[in-house]
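Close look at the chain arrangement
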Amino acid sequence: MTVFDRLDALFPPDRVITDPVRLRTYECDGLTYHRATPMVVVLPETTEEIAAVVRVCAEFGVPFVARGSGTGLSGGALPRSDGVLIVTSRMRRILSIDLDQRRAVVEPGVTNLAITEAVRDRGYYYAPDPSSQQICSIGGNVAENSGGAHCLKYGFTVNHVLALEIVTPEGEIIEISEDDFGYDLLGAFVGSEGTLGIATKITVRLMRAPESVTTLLAAFQTIEAGGQAVSAIIGAGIMPAAIEMMDALAIEAAEAAVACGYPAAAGAVLIVELDGPSSEVEAQLAEVIAICVGTGSFEQRVAASADERAKIWKGRKSAFAAVGRISPAYIVQDGVVPRTSLGEVLAGIDALQDEFGIRVANVFHAGDGNLHPLVLFDDTAPGEGERAEIVSGRILDLCILHGGSITGEHGVGVDKARYMPRMFTDDDLDTMQLLRCAFDPGGRSNPGKVFPTPRLCGEVPRVHKGSPGEIF
Amino acid sequence: MLGHTGVMIRDGGPLDAVGGVTPRWVAQPESVEEIAVVMGACADGGLAVTPAGGRTKLGWAAPPERVDVLLDLSSMHDVLEHVAGDLVVRVQAGIPVTRLAEVLAKAGQALALDVPFPDATIGGTLAAPSPGPRAFRYGNARDLLIGVTVVLADGTIARAGGKVVKNVAGYDLGKLFTGSYGTLGVIAEATFRLHPIPADRRWLSFECEGWEDAGDLLRSQLEPSAVEIDHPAEGLSTVAALFEGPAAEQRALAARELFEGGDVHTEAPAWWGQPPGSPLHSLRCRVAPSVPDGISVRGSLATGVYLASGSTDLDAWRSALPDHARLVGLSGDLTGDRWGPIPSLPLMRRVKERFDPERRMSPGRLAGGL
Amino acid sequence: MDPELIKDCVHCGFCLPTCPTYVLWGEEMDSPRGRIHLMAQYNEGAEMTPEMAGHFDACLGCMACVTACPSGVQYDKLIEHTRPVVEREHARTPRDRAVRALVFALFPYPRRLRLIKPFTRLNRRLAPFLDRVHPTLGALAELTPPRSRSRPLPPLVRARGPLRARVGLLTGCVQGAFFPDVNRATARVLALEGCDVVIPPGQGCCGALSLHSGYDAHRFARRTIETFEKAGVDTVVVNAAGCGSSMKDYADVLADDPGWQRRAECLKVRDLAEFLVELGPVAVRHPLPVTVAYHDACHLAHAQGVRSQPRELLDQIPELKVREIAESAICCGSAGTYNLFQPQPARELGERKAGRVEDTGADLLVSANPGCTMQITAAMRRMGRPVMPVAHTAQVLDASLRGLGAVR
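Since the model is a prediction, treat every value here as computed from it, not as a measurement.

A separate point is the pairing of strand 14 (residues 268–276) of chain A. All names here are of chain A. With respect to burial, strand 14 is a largely interior element, nine of its nine residues being buried. Residues A268, L270, V272, L274 and G276 point to one face of strand 14 and V269, I271, E273 and D275 to the other, with burial holding for every one of them. Pairing analysis gives nine bridges linking strand 12 (residues 212–220) to strand 14, with the strands arranged antiparallel. Note that in strand 14 the partner of L216 across the bridge is V272. Here strand 13 (residues 242–247) runs beside strand 14; their pairing, made up of six bridges, is antiparallel. Residue pairing across strands places M246 opposite V269, the latter belonging to strand 14.

See the structure below:
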């Protein structure tokens, strides 16, 4: 018996993929830089099927990787050439919606936006809104603890998931819930990037749609002035739903791609979205506009309708892909700095541009200091790709130097595992490994992600006086 | 055995008891490093440790099987870093929540947690969380925690998270330790996201017979920060809703229309966020729960998380509740099984085995002898 | 398969939710992103295996992915370049070849289509039998609409009121043979809006069916250009979405012949709704108290980007209410010849769409493509549901402009 025989027995032929040409289409997720062709792909339709596959993997000592829509930007769903890729894209049923309890239970392959679409006409929505929300799967959101523009006010996936049914790396089906008295396993599982098991049913919180939503576009001469406005807004005790900023280069790209019509000659634009009861929003909008004018904004536009709001967001939402129009190739970086360090870090990025002769467009969630520098390069120019890679890494160093993080929402995946030791000590990482080993002693669930060269679970991470030494 | 650590050590007494178990010694470290030294020494001696802060909840959950050392963190009471512009604060675990609130209030900010005990510390609030009204709007302790420093049973110092709100690098050990009742290690420092103190606040309260349904308010777009019920053992219940923001009064008045009555106040009702008495039980139930005679219940109609008090057979009450409900005996005398079903217990056990293989951290305080 | 065009794809996956086959099967290789990956594999030397060919064949060519793509990937060009490679390198079974030959011998020829019309009632009774012979024949029989009276259109319909434009009307193969009323309504609406409508007799197929299936469309394209050049019109108005989209592509189809390419570029082609909105309304709109569900034909919405215009025209009609259909971006499964060659997925998509259309609770389904209408009504019949009345945008406008008070 081989793994293939066992999988063939579990699934009809159209749900086990072994043809090499077909397999290769699964070789990467949204980050194409890393590629590996999986040994086999399975398309389960139930929790029990996933559990059965995972048990087969356990039996044969074969690693497995879960994949939803394959839109991740850190290579978190990069397959293993010696492993099984478990694709949840056929598990896309919304199992229940309970508006009285404001919760829904969904399968992992359901897209983020599908949840909102199922309840929108009744005045509810699912709050986390990653830019890829029309396609990214909720299972992937759970793995990555996805955020989005509106997480400034509403928090991340972890704040909106109430319970999970998971298949553990040993193949058990266990429910973990916020109602469980004891360790917050739910909080630890969300964001574990598929290394602790596979979420197979997800209970999410639904929120009542706000009475009023207002979007303001404010243009500034310089990005520093925009940054001051952000600090002043937060300092005034206002908590917008989102504060987004784009610099001149990013504006140029968005203009080229979607003709978003942002004010000409703007060195930076700020998008501020306020939502809530109309009475609150009106009061806050006046204050935000006054702050923007006070910090040097030369033009402000307030969206009066859903269409106008969509128009303002269009430039921002298209920014990543739009950069392709002004540069042959680019790296999307994801780092976080404390909001008060934004100015210094942006100056640091400027210095890097000069030093390496590489252009960087800045698009970011200014409200929570989450930078998405787009490092532009020409992949046909010798050495430019390497220089871009260096600039990209140096930007992360800047983030760490200022007390920030190497990733705010894209995850560590395979891409940033090597940066983890710059942010955490060996003891920190070894302690995280304890959690990993509790869930996955065999190290089969998405190995090679998050942690650089993880130890095996039996290895004693350090010599320590008191504890009886483990041999294995 | 601990003398060589250089950390302040004294003998334990009845006042140091954890759920009736008196420790042999009390250690009072003043830094993360001192905690690590004490923990290392305890590891050498095979000593069992229970961390403590304001000691307001040492009687909650099950008593530990043994306590050799009570690790008293009350000397670690400093605000380590508060950058107002970042709305972030980093503190030592022993700082009382009330003291932190005073510091933050000077900058017009607050940690949006409702903690009923004035002496409670940050560490204790994380290790043994208690539900608060505003959790509906701001989340619980685990939702506001963005970074943590813990010391493990063997003295290892580990950090996770950081001091930025948005951060997905590595496992979130902070959340793992939330609700751990000192059974995984010692929470030594914590970093939180803060919120601006709202410009204005109003409470709408009204009396009602039995269990009130707050559905209309929750379906409205008035965005209450909390909707609480005080359901006493006898007499009328009271429902109160909190509105925060410049237009708080306007919204409270609009909510009053919705309920066709009630009074709008600038102060919280006296019972707001207070545990209803003793013995104390934790109740989670998403629909109106059946409440046995002699039991009072307080908590959130919005989140379905309550505290209950009064003597009753927990097993009998559990059987009268819907399947999804969870009832746990927190403190005081109890009849019946303290814990009830905890589906993820097998996983919790494996976590405990990895973090504390010798079972020296508050052993037995949680379900299944964790 | 142009590597430069393939390189535009950054693998973001935004195309996935709009792809009908991905919606059905949830498989990477049956998504636009996956198919582009397969094209890259082919370029790198992978063989055109039956598996690979199957994934290209399964593409409906609805172009919803083109609309969804933030990076501007020209999937339409990519798949059109891929189909001839599949035809060339992939050996189909003799049965498949025979059926393909039949379809391409029949559909692009209005006169031949008209010949089979008398048998359509019989066809539907024979469908189960034909399905066993070959699924394509079964699908063909099932789709054919009931017979309708067809009277030839005059070669010229004069404008009512002051002359505002002189336009040509493409009558189309399927439209002309099975839905002659639509062409009559189109001509009347154009005339009532002040256009002289030239309807060249003997016009043939525009080439859409061939073009979208990897067959040579040059001959059809050149003939159509010639026909309308002779007619001396400002604009060629097209009321069938598939035809309009392929005619707008003529310059690309004929790119290998600069002379013809120039002539193609000079030919101004407009969809009916697009044209009417550009022209602006002058005729009086009479009330039509009816609730309609408007269906976006892929070749109109995605291939031509015509989405707002038909809605704008419908909104101008007093008392008419327009309801949106959920998942409007997802193809109904008709897609030119797709429902003939890939009947099973086409049926599943048709039923999915029929369900969404029913959910609107509308009285009338409005669309601008004969294939879609046939496909959705066939699905309703198959599901045993009451078949919703259907109309072309032109017919609704015609009823309003003439004050009929109801469509038909």
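Turning to the domain arrangement of chain C, a few remarks are in order. All names here are of chain C. Taken as a whole, chain C is organised into domain 1 (3–89) and domain 2 (285–401). For domain 1 versus domain 2, the distance between C-alpha centres works out to 26 Å. Between domain 1 and domain 2, the contact holds 15 residues from the first and 15 residues from the second. Mapped by element, the contributors of at least two residues to the side of domain 1 that touches domain 2 are helix 2 (20–25) and helix 5 (64–68). Ranked by the residues each element gives to the side of domain 1 that touches domain 2, the list is headed by helix 2, at four residues.

Take the interface of chain C and chain A next. The extent of an interface is frequently quoted as the accessible surface area lost upon association of the parts. Listed by partner, the interface residues are 21 residues for chain C and 24 residues for chain A. Those elements that provide at least two residues to the side of chain C that touches chain A are helix 3 (32–43) and helix 4 (50–57) of chain C. Across the side of chain C that touches chain A, the residue classes break down as ten nonpolar, eight polar and three charged.

Turning to the packing of helix 18 (residues 272–279) of chain C against helix 20 (residues 308–315) of chain C, a few remarks are in order. All names here are of chain C. One way to put it is that helix 18 packs onto helix 20 with a least axis distance of 8 Å and a crossing angle of 65°. Considering only the axes of helix 18 and helix 20, their crossing is left-handed. For the pair helix 18 and helix 20, contact is made by A273, E274, L276 and V277 and by Q309, P310, E312 and L313, respectively. In terms of residue class, the contact of helix 18 with helix 20 is built from five nonpolar, one polar and two charged.

This part covers helix 2 (residues 97–105) of chain B. Residues and elements named next belong to chain B. When we look at burial in helix 2, the residues that qualify are V97, L100 and L104. Buried positions in helix 2, seen along its axis, are confined to an arc of 60° and lie on one side of it. Along helix 2, the residues that are exposed and aim more than 90 degrees away from the buried face are E102 and A105. Residues of helix 2 that are buried sit in contact with strand 5 (79–83), strand 6 (88–92), strand 7 (109–110) and helix 3 (122–127).

Remark on secondary structure: sheet strands pair via backbone hydrogen bonds, oriented parallel or antiparallel. Residue and element names in this part refer to chain B. Across the sheet, eight strands lie side by side as 15-12-14-13-17-18-16-19; this open sheet has antiparallel pairing. At either end of the open sheet lies a strand with only one pairing partner, and these are strand 15 (263–265) and strand 19 (326–331). Pairwise comparison of adjacent strand axes, ignoring direction, gives a mean angle of 20° for this sheet. When strand 16 (residues 280–284) meets strand 19, the two strands line up antiparallel, connected through five bridges. Counterpart to R284 in the pairing with strand 19 is R326. In this fold helix 8 (residues 248–259) packs onto strand 12 (201–208), strand 14 (237–244) and strand 15, with an angle of close to 15° to the strand it touches most, strand 12.

Bringing the pairing of strand 5 (residues 94–98) of chain A into the picture now. All names here are of chain A. The buried fraction of strand 5 amounts to zero of the five residues, a small share that puts the element mostly on the outside. Pairing of strand 5 with strand 6 (residues 103–106), which is carried by four bridges, proceeds in the antiparallel orientation. If you follow I97 over to strand 6, its bridge partner there is A104. The hairpin formed by strand 5 and strand 6 contains four residues between the paired strands, and R102 there has a positive phi angle of roughly 50°.

Reading the values: the criteria
Residues numbered from 1 in each chain as written. Chains lettered and ligands numbered in written order. Predicted model: local features only at pLDDT ≥ 70, side-chain atom pairs only at ≥ 80, totals over all residues. Buried ≥ 20, exposed ≤ 12 C-beta atoms within 10 Å, placed from the backbone. Helix = DSSP H or I, 4+ residues; strand = E, 2+ residues; numbered from the N terminus. Pairing = 2+ DSSP bridges. Domains from an automatic or database assignment. Contact = placed C-beta atoms within 7 Å. Nonpolar A, V, L, I, M, F, W, Y, C, P; charged D, E, K, R; others polar. Axes fitted to C-alpha atoms, helices over the stretch in contact; angles between N-to-C directions. Left-handed = near helix turned anticlockwise from the far one by under 90°. Arc of directions from axis to C-beta.

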